[in-house]
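# Structural description and commentary
Spelled out from the first residue to the last, the chains are:
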Amino acid sequence: MATVGSNPLALLNVRDGQAHVEGVALARIAAEVGTPCYVYSRSALIATYRDFAQAVDGMNGTICYAIKANGNLAVVRTFAELGAGADVVSLGEMKRALQAGIAAGRIVFSGVGKTEEEMREALASGILQFNLESSGELEALSRIAAAAGKRATVALRVNPDVDARTHEKISTGKKGDKFGIDFAQVPAIAARAMRLPGIALEGLAVHIGSQLTSTEPYRAAFARLADLTRKLRGEGIPVHSLDLGGGIGIAYAEDKAPTIDVSDYAAVVAETVGNLGCRLVFEPGRSMVGNAGLLLTRVIGVKDGEARRFVIVDAAMNDLARPAMYGAHHAIRPVQAPAPGSVESPVDVVGPICESSDRFAAQRSLPPVVADDLLVLLSCGAYGFVMASTYNMRPLAAEVMVEGDRFATVRPRQSYEALLGQDRLPDWMAAGRPREIRGAA
Ligand code: LLP
């Protein structure tokens with residue numbers, strides 16, 4: 001069984017010294033679409049999805065792709081065509097899932113704080129279930145559903161107090177994290193759910209974190225979930241379904257690549273919760289898209305400082321936040337293969353944004369590059385474009401999808417008109433040329 005996302009470089013296909021994604025030269029995409037630009041391989045998306053689906057085949061499970069990892073319409077549509085459901089955490093994500101053709105009956109609404117508007121709309125759409133994270137949410141949803149003459153199907157998200165052994169900013173299943181209902185509080189809240197008029201309690205949910213690189217935390221969390229299931233059943237509370245969340249890590253580094261083999265993950269699922277007779281939900285995000293996408297960027301210039309050489313590129317932390325935000329490592333490669341015999345040397349790869357955290361790599365070994373060369377940052381399919389901002393008044397990058405030897409822009413670069421045209425002056429401030437404020441220095 002293939003390991004999902006086990007090799008960041010596998011997305012690159014070098015022909016005649018030129019990096020391609022599938023059959024399309026990245027230089028051609030850069031020439032036609034410009035940079036910075038995200039590029040996704042549809043064939044890679046399909047392959048990773050199929051790997052996962054095959055691993056959990058026969059488990060009575062639904063794969064609800066976590067839209068937050070990459071919400072591009074063409075990406076979500078690709079998964080919809082493969083039969084995926086969706087895990088959404090906002091009204092916007094729910095609308096995107098529906099727009100992409102995912103049936104409402106295959107959508108799970110997660111998230112630590114759902115607004116009443118979100119609950120109302122999701123209920124009206126007829127989604128599969130709400131994963132609730134507090135008694136407050138439970139009461140609010142019951143009220144809203146009862147008022148609409150409905151019962152909302154619900155899973156209670158449990159905080160199993162398990163250390164996912166991942167980056168602290170993306171660990172979600174430890175006591176003290178804001179997520180889920182504390183383990184000991186679940187039975188009382190479940191009993192309450194059974195009495196509420198607008199609630200149909202269906203099961204339990206967990207999600208302990210993202211970018212997990214070992215199955216052990218899963219084993220611990222799922223075992224606790226199984227214990228809780230038996231305990232609740234013993235108290236007369238039915239548990240029909242278990243949502244196991246997402247979190248499977250991918251390889252980011254070029255060489256050593258600790259990731260989880262999906263078949264090992266599936267084995268842990270079978271061992272821990274496989275004999276409970278529950279319907280399962282899986283919410284993979286990163287593992288579906290992470291290594292199916294890259295960020296294409298052009299070198300603006302090379303600056304030789306006394307201590308360091310800086311390669312300044314036209315992508316920045318507003319386009320890809322992960323290195324600045326989590327200290328994340330993304331492999332970097334030139335699009336044009338280096339001349340034979342060229343020697344790699346350590347450089348800092350940085351963007352043009354006015355803060356020092358705008359750095360993609362420190363002291364990274366790269367072959368010599370000059371202005372106008374193209375580089376790729378790998379493993380950018382997940383949590384790349386979706387976390388982008390317009391900081392420094394930089395337009396949102398373009399997104400491209402490749403399949404075979406064709407490609408399409410699946411989101412054009414934001415225009416300056418769109419970027420600048422949203423702001424309004426109050427009607428009590430003069431239009432036209434700025435008027436001097438009386439008394440100003
Ligand atoms: N389900 C729930 C309830 C989640 O909160 C998440 C991710 C997922 C599923 C999908 O997890 P995945 O399979 O993608 O690990 N921005 C961070 C990652 C944040 C993950 C948030 N929750 C990053 O760039 O590493």
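See the structure printed just above.
In this report, we go over the structure that sits alongside the text. (Residues numbered from 1 in each chain as written. Predicted model: local features only at pLDDT ≥ 70, side-chain atom pairs only at ≥ 80, totals over all residues. Heavy atoms only, no water.)

## Things to note about the overall build of the protein
How we decide: Labels follow the DSSP assignment, with helices taken as runs of H or I lasting at least four residues and strands as runs of E lasting at least two, numbered in each case from the N terminus. The globule rule is 2.2 Å times the number of residues to the power 0.38, and the radius of gyration it is compared with is taken over C-alpha atoms. Note on classification: 1.4 Å probe, protein chains only; a residue is buried when its accessible area is under 20% of the maximum for its type, exposed when over 50%, partly exposed between these limits. Here, residues are in contact when the closest pair of their heavy atoms is within 4.5 Å. Only the protein chains shown count as cover for residues, and the accessible areas themselves come from Shrake-Rupley with a 1.4 Å probe.
Scanning the protein from N- to C-terminus turns up 12 helices and 21 strands. The C-alpha atoms of the protein give a radius of gyration of 24 Å, which matches the 22 Å a tight globule of 441 residues would have. Viewed in the frame of its principal axes, the protein has a C-alpha envelope of about 70 × 65 × 40 Å. Looking at the 441 residues of the protein, the share that counts as buried comes to 54%. Look at the contacts in the protein between residues 6 or more apart in sequence, and 71% of them connect residues 24 or more apart. Summing over all exposed atoms, the protein offers an accessible surface of approximately 19200 Å²; the carbon and sulfur share of this is 51%.

## Remarks on the pairing of strand β14 (residues 293-304)
Let me state the cut-off plainly: Only strands that DSSP links by at least two bridges are regarded as paired with each other.
Here strand β4 (residues 37-41) pairs with β14 via four bridges, running antiparallel. Among the inter-strand pairings, Tyr 38 is bridged to a residue of β14, identified as Leu 295. In this sheet, strand β19 (residues 374-377) lies alongside β14 in antiparallel orientation, the contact comprising four bridges. Opposite Arg 298, over in β19, you have Leu 374 as the bridge partner.

## With respect to the environment of Gly 105
When you line up the elements, Gly 105 lands in the loop between α4 (91-99) and β7 (107-109). As a C-alpha pair, Gly 105 and Leu 128 span 23 residues in sequence and 4.5 Å in three-dimensional space. For Gly 105, the residues in contact, after removing those within four places along its chain, are Gly 126 and Leu 128.

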